[in-house]
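Overview (structure and organization)
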Amino acid sequence: MIAGGVTAGSALGDAQAAAEPAPTSRVALTVNGTRRTVTVDNRTSLLDLLREHFGLTGSKKGCNAGACGACTVLVDGQRVNSCLTLTVRLEGAEVTTIEGLADGDELHPLQQAFIEQDAFQCGYCTPGQIMSGVGCIKEGHTGSPEEIRESMSGNICRCGCYVKIVRAVEQTAGRK
Amino acid sequence: MHPFDYTRVSDTREALNAGRRGGRYIAGGTTLVDLMRETVERPGALVDISDLPLREVTVTERGGLHIGALVRMAEAAAHPKVRTLYPVISEALELSASAQLRNMATIGGNIMQRTRCTYFRDVTADCNKREPGAGCAALHGYNRTHAILGTSDHCVATHPSDVAVAFAALEATVHVLGPDGERTVPFADFLLLPGHTPHREHALRNGELITAVEIPALPRPLRSGYLKVRDRQSYEFALTSAAVALHVRGGVIREAKVAVGGVGTVPWKLPAVERHLVGERPSDALWEAAASRAADGARPLAHNRFKLELLQRTVERQLRIVGGTK
Amino acid sequence: MSPQPQAAVGAPLSRVDGRLKVTGKAKYAAEHNVDGAVHAVIVDATIGRGRITSIDTRAALAQPGVLRVISHRNAPKLPYRDNAMSNKSNNPPGRRLRVFQDDRVLFHGQPVAVVIATTLEAAQHGASLVKVHYDAAPPSTELTKAKADKPTKYARGDAEAGLRNAAVRMDLTYSMARNHHNAMEPHATIARWTGDKLTVWDKTQWVLGTQTEIAAAFGLPQDDVRVISPFVGGGFGSGLRGWPHVIIAALAARVTKRPVKLVLSRKQQYFGTGFRPAYEYRLRVGSDRHGRLAAMAHELDAETSSYETFTEGVLPPGQMLYSTPNVQQTYRTVPLDVNTPIWMRGPGFATASFVIESAMDELAHKLDLDPIELRRRNEPDEDQSSGRPFSTRRLRECYSVGAREFGWHRRNAKPRSRREGDWLIGMGMAAGVYDTARMPAQARVRLDADGTAVVETASSDMGPGTYTSQTQVAADALGLTMRTVDFRLGDSLFPPTPPHGGSMTMASVGSAVLDGCNQVRRQAIKLAVEDKESPLYGVDANDIVVRGGRLHLKNNPTRGEKYQQLLSRNNRTHLEAQGSFAPPSGTQRYSFYAYNATFAEVAVDATLGLVRVRRMLGVYDAGRIISPTLADSQAIGAMVGGIGTALLEHTVTDHRDGRIVNANLADYLVPVNADVPDLKAIYLDGEDREADPLGVKGLGEVVMIGVAPAIANAVFNATGRRIRQLPITAEALL
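Residues numbered from 1 in each chain as written. Chains lettered and ligands numbered in written order. Predicted model: local features only at pLDDT ≥ 70, side-chain atom pairs only at ≥ 80, totals over all residues. Heavy atoms only, no water.

Before going further, it helps to spend a moment on the nonpolar core. Core analysis: the biggest nonpolar cluster contains 235 residues, and Leu 551 and Ile 711 of chain C have the highest contact counts within it. With 13 residues, helix α13 (residues 505-529) of chain C is the largest single contributor of residues to this core. Contacts of Ile 711 of chain C, omitting those with residues within four sequence positions, involve Ala 600, Val 602, Val 613, Met 616, Gly 642, Ile 643, Ala 646 and Leu 647 of chain C. In this structure, Ala 27, Val 71, Ala 77 and Ile 210 of chain B belong to the second largest nonpolar core, which totals 58 residues. (Core = buried A, V, L, I, M, F, W, Y, C linked by side-chain atoms within 4.5 Å. Buried < 20%, exposed > 50% of the residue type's maximum accessible area, 1.4 Å probe, protein only. Helix = DSSP H or I, 4+ residues; strand = E, 2+ residues; numbered from the N terminus. Contact = heavy atoms within 4.5 Å.)

Before going further, it helps to spend a moment on the pairing of strand β8 (residues 209-215) of chain B. When a strand is regular, its side chains alternate between the sheet's two faces. Residue and element names in this part refer to chain B. Of all 7 residues in β8, 7 are buried, a share of seventy percent or more. As paired strands, strand β5 (residues 65-68) and β8 are joined by 4 bridges and run antiparallel to one another. The partner of Leu 65 across the bridge, within β8, is Ile 215. Where strand β6 (residues 173-178) meets β8, 5 bridges bridge the pair, whose relative direction is antiparallel. Across the sheet, Val 174 pairs through a bridge with Val 213, a residue of β8. (Pairing = 2+ DSSP bridges.)

This paragraph deals with empty space enclosed by the protein. Applying the stated criterion across every chain yields a total of 13 cavities of 30 Å³ or more. Taken as a whole, the largest cavity holds about 600 Å³ of empty space. If you go around the largest cavity, you meet 39 residues; those closest to its centre are Thr 30, Thr 31, Leu 101, Gln 113 and Phe 237 of chain B. Those elements that provide at least two residues to the lining of the largest cavity are α2 (32-37) and α7 (107-112) of chain B. Looking at the lining of the largest cavity residue by residue, the classes come out as 19 nonpolar, 13 polar and 7 charged. Here the second largest cavity is characterised by a volume of approximately 200 Å³. Forming the boundary of the second largest cavity are 24 residues, of which Leu 97, Trp 243, Pro 244, His 245 and Gly 272 of chain C lie nearest the centre. Of all the secondary-structure elements, those providing two or more residues to the lining of the second largest cavity are β1 (38-44), α6 (244-256) and α7 (266-272) of chain C. (1 Å grid on protein atoms, 1.4 Å probe; cavity = no way out; pocket = protein on both sides within 12 Å on 5 of 7 lines; lining within 4 Å. Points joined across faces, edges and corners; volume = space filled by probe spheres on them. Nonpolar A, V, L, I, M, F, W, Y, C, P; charged D, E, K, R; others polar.)

Residues and elements named next belong to chain B. Remark: helix α12 (residues 284-291) packs on helix α13 (residues 306-323), axes separated minimally by 8 Å, with the N-to-C direction vectors making an angle of 145 degrees. α12 and α13 meet at a crossing whose hand is right-handed. Contacts from Asp 284, Trp 287, Glu 288, Ala 290 and Ala 291 in α12 reach Gln 312, Val 315, Glu 316, Leu 319, Arg 320 and Gly 323 in α13. Within the contact of α12 with α13, the residues separate by chemical class into 5 nonpolar, 2 polar and 4 charged. (Axes fitted to C-alpha atoms, helices over the stretch in contact; angles between N-to-C directions. Left-handed = near helix turned anticlockwise from the far one by under 90°.)

A common measure of how large an interface is: the accessible area buried when the components associate. Every contact between the two is made by 61 residues of chain C and, on the other side, 52 residues of chain A. Carbon and sulfur atoms make up 57% of the surface buried where chain C meets chain A, a total of about 4,600 Å² over both sides. The largest per-residue losses of area from chain C upon contact with chain A belong to Val 22, Met 184 and Asn 673 of chain C, which jointly make up 17% of the total buried on that side. At the boundary of chain C with chain A, the tally comes to 6 salt bridges. Residues Lys 60 of chain A and Glu 31 of chain C are paired through a salt bridge, measuring 2.9 Å at the closest nitrogen-oxygen approach. (Buried area = accessible area lost by both parts, 1.4 Å probe. Salt bridge = Lys/Arg side-chain N within 4 Å of Asp/Glu carboxyl O.)

This part covers the interface of chain A and chain B. Taken together, the 42 residues of chain A in the interface contact 54 residues of chain B. Carbon and sulfur atoms make up 54% of the surface buried where chain A meets chain B, a total of about 3,900 Å² over both sides. Our count for the chain A to chain B interface comes out at 1 salt bridge. For Arg 89 of chain A, the salt bridge is made with Asp 48 of chain B, and the minimal N-O distance between the two is 2.8 Å. Linking chain A with chain B are 17 residue pairs in polar contact (both at pLDDT 80 or more), by the criterion used here. Taken together, the elements giving at least two residues each to the side of chain A that touches chain B come down to β4 (78-81), α4 (126-139) and α5 (145-151) of chain A. Across the side of chain A that touches chain B, the residue classes break down as 17 nonpolar, 20 polar and 5 charged. (Polar contact = N/O pair within 3.5 Å; in protein donor to acceptor, adjacent residues only side chain to side chain.)

The domain boundaries assigned to chain B delineate domain 1 (5-51) and domain 2 (223-323). On a C-alpha basis, the centres of domain 1 of chain B and domain 2 of chain B stand 36 Å from each other. (Domains from an automatic or database assignment.)

Turning to unusual backbone geometry, a few remarks are in order. Between Arg 220 of chain B and the following residue, Pro 221 of chain B, the backbone shows a cis peptide bond with an omega angle of 0 degrees. Relative to the elements of secondary structure, Pro 221 of chain B occurs in the loop between β8 and β9 (223-229). A cis amide bond, omega -5 degrees, links Leu 726 of chain C with the succeeding residue Pro 727 of chain C. Checked against the element boundaries, Pro 727 of chain C lands in the loop between β30 (725-726) and α17 (730-733). One non-glycine residue, Ser 503 of chain C, adopts positive backbone phi at about 55 degrees.

Let's shift gears to the pattern of salt bridges. Close approach of charged atoms allows side chains with opposite charge to pair. Scanning all chains against the criterion turns up 80 salt bridges over all chains. For Arg 299 of chain B, the salt bridge identified is with Asp 153 of chain B, shortest N-O distance 3.5 Å. On the criterion of sequence distance, the pair formed by Arg 299 of chain B in the loop between α12 and α13 and Asp 153 of chain B in the loop between α8 (118-121) and α9 (163-170) is long-range, its members being 146 residues apart. Measuring nitrogen to oxygen at the nearest pair gives 3.1 Å for the salt bridge that ties Glu 303 of chain C to Arg 178 of chain C. On the criterion of sequence distance, the pair formed by Glu 303 of chain C in strand β14 (residues 293-305) and Arg 178 of chain C in the loop between β8 (168-176) and β9 (188-194) is long-range, its members being 125 residues apart. The same class applies to Glu 303 of chain C as to Arg 178 of chain C, namely buried. When salt bridges with common partners are traced through the structure, they connect Arg 24, Glu 41, Arg 114, Lys 129 and Glu 201 of chain B into a single cluster.

Looking now at a positive patch on the surface. A contiguous patch of positive charge on the surface is contributed by Lys 326 of chain B together with Arg 416, Arg 419 and Arg 721 of chain C. Within the secondary structure, Arg 419 of chain C is located in strand β16 (residues 419-420). (Patch = residues over 30% accessible without salt bridge, like charges linked within 9 Å, V, L, I, M, F, W, Y side chains within 5 Å. Areas by Shrake-Rupley, 256 points an atom, 1.4 Å probe, with all protein chains shown as cover. Lys, Arg positive; Asp, Glu negative; His and termini not counted. Charge placed at Lys NZ, Arg CZ, Asp CG, Glu CD.)

So, on to the domain arrangement of chain C. Residue and element names in this part refer to chain C. Domain parsing of chain C yields domain 1 (18-25 + 439-581), domain 2 (29-139 + 185-269) and domain 3 (389-435 + 593-733). For domain 2 and domain 3, the distance between their C-alpha centroids amounts to 36 Å. Between domain 2 and domain 3, the residue contacts involve 6 residues of the former and 8 residues of the latter. For the pair domain 2 and domain 3, the two sides together bury roughly 510 Å², of which 60% comes from carbon and sulfur. On the domain 2 side of the interface with domain 3, the three residues burying the most area are His 108, Pro 139 and Arg 266, jointly 74% of the side's total. At the junction of domain 2 with domain 3, the criterion picks out 0 salt bridges. At the junction of domain 2 and domain 3, the tally comes to 1 residue pair in polar contact (both at pLDDT 80 or more). Here the residues of the side of domain 2 that touches domain 3 sort into 2 nonpolar, 2 polar and 2 charged.

Another point: the sheet that holds strand β6 (residues 131-136) of chain C. Ordered in space as β4-β2-β6 (chain C), the 3 strands form an open sheet in which the pairing is antiparallel. The open sheet is flanked by β4 (104-105) and β6 of chain C, the only strands paired with a single partner.

Residues and elements named next belong to chain B. A large share of strand β11 (residues 252-261) lies buried, amounting to 8 of its 10 residues. Bridge count for strand β10 (residues 240-249) against β11 is 9 bridges, and the pairing is antiparallel. Bridge pairing links Arg 249 to Val 252 in β11. Hairpin remark: β10 followed by β11, antiparallel, with 2 residues in the connecting loop; positive phi at Gly 250, about 60 degrees. Here β11 pairs with strand β12 (residues 268-269) via 2 bridges, running antiparallel.

Okay, structure coming up:
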């Protein structure tokens, strides 16, 4: 995909070149059903857009490198790592975060299942787990506990709630 | 992350124009954005190729597979044709990364992904791949996950892809499109050994774009599969891996395709192992004898000597899983 | 006083903050909306030791949006008053790192500058453009090669003689890798000055410790600093002291006169906060032919920094877990060019237990004894380190319940005797112990005229469920429902509490909450029995209980009235009390510990050397369990943590320049979902009346102890290979 693999040492490292304002773009996207138009620094990740600009801090920054899953959201219905998603690329996209999952006061069944199964402790990875679980169920990777475990392995829980996370996903998938 | 300009292109001509002007193509972005954040990558302009019509998986006239460069890893893994014709590809994809990353990353991007070498990823460390002539910190540093095959004194970094190992085994071809038109590159020639120039990683010329990976038709019945050995059960790069495809007819192995991962500076094809298998009848003894050639020519480093033994055992195990017996 | 009915305590309730957490509304440190906050990003030293010779900040400052770059060249001098370890600080002995106060670099990654910018992108980019030049010296980071400090020693009897005369002797050396907490929430601080007063939102397990550290660093009165931390995204110990970045955030805010938000990157957690130190540990064991221990000699070396001497509770298990007449211990810290370690879940005890419990398994095998039987034979009658009786010690019961529930009888004592396809299957067990610590704590309780209550303590909830379990305690003591109690924590304005660690929150804070609620309930009862208009007028206060917000006669529930009626009739807007708890001073009469027996079944790939845990069971003697659902989660969570320690976790340093080479979550491996199939926890019913008013012994730490050795012992049973090094990876088993 990427031609000319090495670009280290680009001129942008120098003060002179870098003193120009960083390029920005105008992007229109839908977040939790609300259409929003923003002008963003091209470097702004979806995760930073949500957390720093939209005040939607439910999506978490755990590693900022695609290695923990705490930032998981749905983009056009698919679970992705929002930390590795550049906002500038999301023209026309539909984003669903943990804040957009419940129907008013009524929790999404997986949110409810997380409470019932006590599938979290500190709660920091929880929104990412739930969004990932929604994706997992939607993708149909719920045929067995093993399949759920594998499919949910992109979400690290340091408090170690995995057994209960699997139960919550199972419970929710079973209801469908 | 250094600032960059951004354009989104809608057709290949537009893409090539932008590429020729020095723009970096971005597809899934899972490697590129990560490395940009580490300032390992500092492109001045990104060319978003997501909208290019390269998202089809088709069966070729001869019965092979043509996988568009922008097909997502998850889509390719789940594709019925991929699953039935080349399980080794599906398995390699499904054992890669996480469900989220597989929803983002593409086939073309996957084979272009850059090494996980910790010194490469840390701009304050010496790395010939990042900065030609700087030296290789990994050579005498911490190198448990590094390569034992295809290394040079200038670079010992492992190629991280799983599916590229399957592609190497199956002798895929890479379709590329550039300012001078289309061409194909045999997979074996696509990713480059480090040698004296570890910063040159692939055969793409300036501004060229991968459009597809083609898997040649292989005689049927073909059994294939991918084994990935790693410390934890999931979400980790391979310590060792093996992609195996066998065509057995009349009780005799007629074709054998074997490549290994986690051990090479590029996905590592094992012709000696393949030769050992062809013309023989499957047996545990055969698997063991063939696999004993898997680490031929390997040069272990201080912390990865175990990969010599592990690699042979990985190949033996996967030959048995695919070829049966015991 | 009639005992209150226990409706909430002991009931399997779900978390009171559950809804906030599953909807993304719980606010962690970096998520508080502070108007006008700008972003700070730290520049880390890229050498392992030496001096800074120059800093070029021009390129960074030329970036639009970059407000300031602060380094030792331009930072204000900070008083850094002494704040040595006390009930207000966890700073270990030494001279703590003083940010930007001189040109010295003490370890790779040490903060050398901070870039403050109006956007996160500009701050990050600016930080990458700061060019620092150094005069570098080779760092010393190898535990086995550096010179140790003077040891801490313990001895009873004559261990050398005991070993000489023992019928069976073993001389074993273990090494345990450095581990990092890696809580999912990165450490983060928002600092805002209002005049000379500072408000800080911080990820901390101790708002008070952070408050005193900031006050000491800046030379402020303690009360001029307010620290707020309502939610903590995991801690495991990393939040037990105020780290340099907290001071940097406050400093940056003072210099720029703007509120500043500073979030450590994942990489920066590895040198910006502490870690569980690596150990080299030699253990010599002598026993008679029946397995009765005669002597143990421990010699252990542990990492610490060049500037602070960190020690932890690595000695007690060797002194009290088994009956051992002759014990000697030599504990040496080894100063290295690294940042200072800190406690990590099961601190010290987890490390010592891995060694002792592995050795016990080895001894059992040598003597052809069942590992449980060997432990039973060495069960002490008293704490041999103090001569005191144990308040409660039900380790024997943990063994028998565990053996029964786990199916221990199915274990074949002969290693390598069970095989399923390519997998060798083995079972192992280990005992665990952790001390029951308690410290002074206070709580403010207010019962309002509307029949609801507010309880405030400065405590934390890093995940165990402090909000929930303290609400349970308060609800029962006040005779209210869970919904009508609002328990608040994580604010230095609230009454002081000890660090949220060492398994002392329930014993200490819970006892203070209990006391405060009991006081308020008694006030209400007193008001009622003295109020002529109350249906309870003239009744003996001791005959009254409160249930569902209604005071009534214990034996006649129909006679009574609600708090609301009582308070409004008496024109009282509220009743309130300051609850407190302090552990008894002076010599203790008992030895207080929590215990467990942990069992593991593993599968080891016979040729590929991979270890996969199949199932685990922990049986715990932790005193009274306030919140069974939460306790269950804590125990199985600790098993997951222990699986990490046993099989995956290892912070790797490149000794050439002191760089941590796997400072990220793709290379520092922690367990993922697929690593964890089947975990079960059983708490023995009971309480420890001597320990504290609630009868609890603490459980967050003890559940971690014994996990790693149980797994290692199962690996031995599966393979016949004894691995004395953590983590146990494929290369050791090939």
